[in-house]
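Observations on the three-dimensional arrangement
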Amino acid sequence: MTPSHTPRPSGRSPSTRTPRRSPWLRLLPGISSERRGFVLAWWGFALTFGGMRLLTWLIHIDVAGIGDVQAGGVHIHHYVWGILLLAVVGAAGLVERSARARAWMGLAYGVGMALVVDEAALLISLEDVYWDTEGWVSIALALAVIAVVGGVLAVTRGKRTPKRDRHDG
């Protein structure tokens, strides 16, 4: 037997730790780590878009305890938070490549994109048209993104998760 094929001792050394199993593996079994980030980005986009529409509607109808985020009396639109989140994801993507990080970055990317796309009409017209007829541009764009990306994910098959990838985080 060569040294690389010698059996390992049954006892674990104190410095060896079992890698933590990613929560995304339980949620998305059988999806490769490369594809998992895309699926989570799509989910994050769709859920955040719906959640932001609900939240802004509650603010619009003046539900007690829910209001706009302001700084110095100036309303901070949620596309600002989306741009900041996308900047963080972009910077993290330059340095981090683990499967666990890709999954979290995919989710954060979807959330950030939804925050920006939800106010696309404002960014196009440079006026707060969220509840006006022109505000439907944002809804149409978001629904198109959800439909197209969902369709692409549905008709393309990612590689099955290799056995070595099933326990990475």
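In the block above lies the structure referred to throughout.
Just so it is clear, the model here is predicted, and its values are computed rather than measured.

What follows concerns the packing of helix H3 (residues 78–95) against helix H4 (residues 99–117). Running from amino to carboxyl end, H3 crosses H4 at an angle of 150 degrees, the nearest separation of the two axes being 7 Å. As summarised for this structure, H3 and H4 are arranged roughly antiparallel, according to the angle between their axes. Where H3 crosses over H4, the two elements pack in a sense that is left-handed. Contacts between H3 and H4 involve His78, Tyr79, Trp81, Gly82, Ile83, Leu85, Leu86, Val89, Ala92 and Gly93 from the first element and Met105, Ala108, Tyr109, Val111, Gly112, Met113, Leu115 and Val116 from the second.

Unlike most non-glycine residues, Asp62 shows phi in positive territory, near 65 degrees. Assignment of secondary structure puts Asp62 in the loop between helix H2 (33–60) and strand S1 (70–71). The backbone of Leu126 sits at a positive phi, close to 55 degrees, despite the residue not being glycine. Following the sequence through the fold, Leu126 ends up in the loop between helix H5 (120–125) and helix H6 (136–155). The exposed category is assigned to Leu126, whose relative accessible area is 71%.

The next subject is the side chain of Thr56. Relative to the assigned elements, Thr56 resides in helix H2. With relative accessibility at 11%, the residue Thr56 sits in the buried group. Separated by 3.1 Å, the side chain of Thr56 and the backbone oxygen of Arg53 make a polar contact. The residues contacting Thr56, other than those within four sequence positions of it, are His78, Tyr130 and Trp131.

Between its first and last C-alpha, H3 extends 27 Å over 18 residues, near the 26 Å set by a 1.5 Å rise per residue. Looking only at H3, the buried set comprises His78, Tyr79, Gly82 and Val89. The buried residues of H3 occupy an angular sector of 95 degrees when projected down its axis, which confines them to one face. Exposed and facing more than 90 degrees away from the buried side of H3 are Val88, Leu94 and Val95.

Within the structure shown, the criterion is met by one aromatic pair. In this structure, Arg53 packs its charged tip against the face of Tyr130, placed 3.9 Å from the ring centre.

The next thing to look at is a nonpolar patch on the surface. A cluster of nonpolar side chains, namely Leu54, Trp57, Ile61 and Trp131, defines an oily patch on the protein surface of about 410 Å² accessible area. Assignment of secondary structure puts Trp131 in the loop between H5 and H6.

Below, the discussion takes up the packing of H2 against H4. A pair of packed helices is captured by two measures, namely the crossing angle of their axes and the spacing between those axes. Running from N to C, H2 and H4 cross one another at 30 degrees; their axes reach a closest spacing of 7 Å. Put simply, H2 runs roughly parallel to H4. As H2 runs across H4, the sense of the crossing is right-handed. On H4, the residues that touch Ser33, Glu34, Arg36, Gly37, Leu40, Ala41, Gly44, Phe45, Thr48, Phe49 and Met52 of H2 are Ala99, Arg102, Ala103, Gly106, Leu107, Tyr109, Gly110, Val111, Met113, Ala114, Leu115 and Val117.

Rules behind the numbers
Residues numbered from 1 in each chain as written. Predicted model: local features only at pLDDT ≥ 70, side-chain atom pairs only at ≥ 80, totals over all residues. Heavy atoms only, no water. Axes fitted to C-alpha atoms, helices over the stretch in contact; angles between N-to-C directions. Helix = DSSP H or I, 4+ residues; strand = E, 2+ residues; numbered from the N terminus. Parallel < 35°, antiparallel > 145°, perpendicular 65-115°, else oblique. Left-handed = near helix turned anticlockwise from the far one by under 90°. Contact = heavy atoms within 4.5 Å. Buried < 20%, exposed > 50% of the residue type's maximum accessible area, 1.4 Å probe, protein only. Polar contact = N/O pair within 3.5 Å; in protein donor to acceptor, adjacent residues only side chain to side chain. Expected span 1.5 Å × (residues − 1). Arc of directions from axis to C-beta. Phe/Tyr/Trp six-rings, centres within 6.5 Å; stacked < 30°, edge-to-face > 60°. Lys NZ or Arg CZ within 6 Å of the ring centre and 35° of its normal. Patch = residues over 30% accessible without salt bridge, like charges linked within 9 Å, V, L, I, M, F, W, Y side chains within 5 Å. Areas by Shrake-Rupley, 256 points an atom, 1.4 Å probe, with all protein chains shown as cover. Salt bridge = Lys/Arg side-chain N within 4 Å of Asp/Glu carboxyl O.

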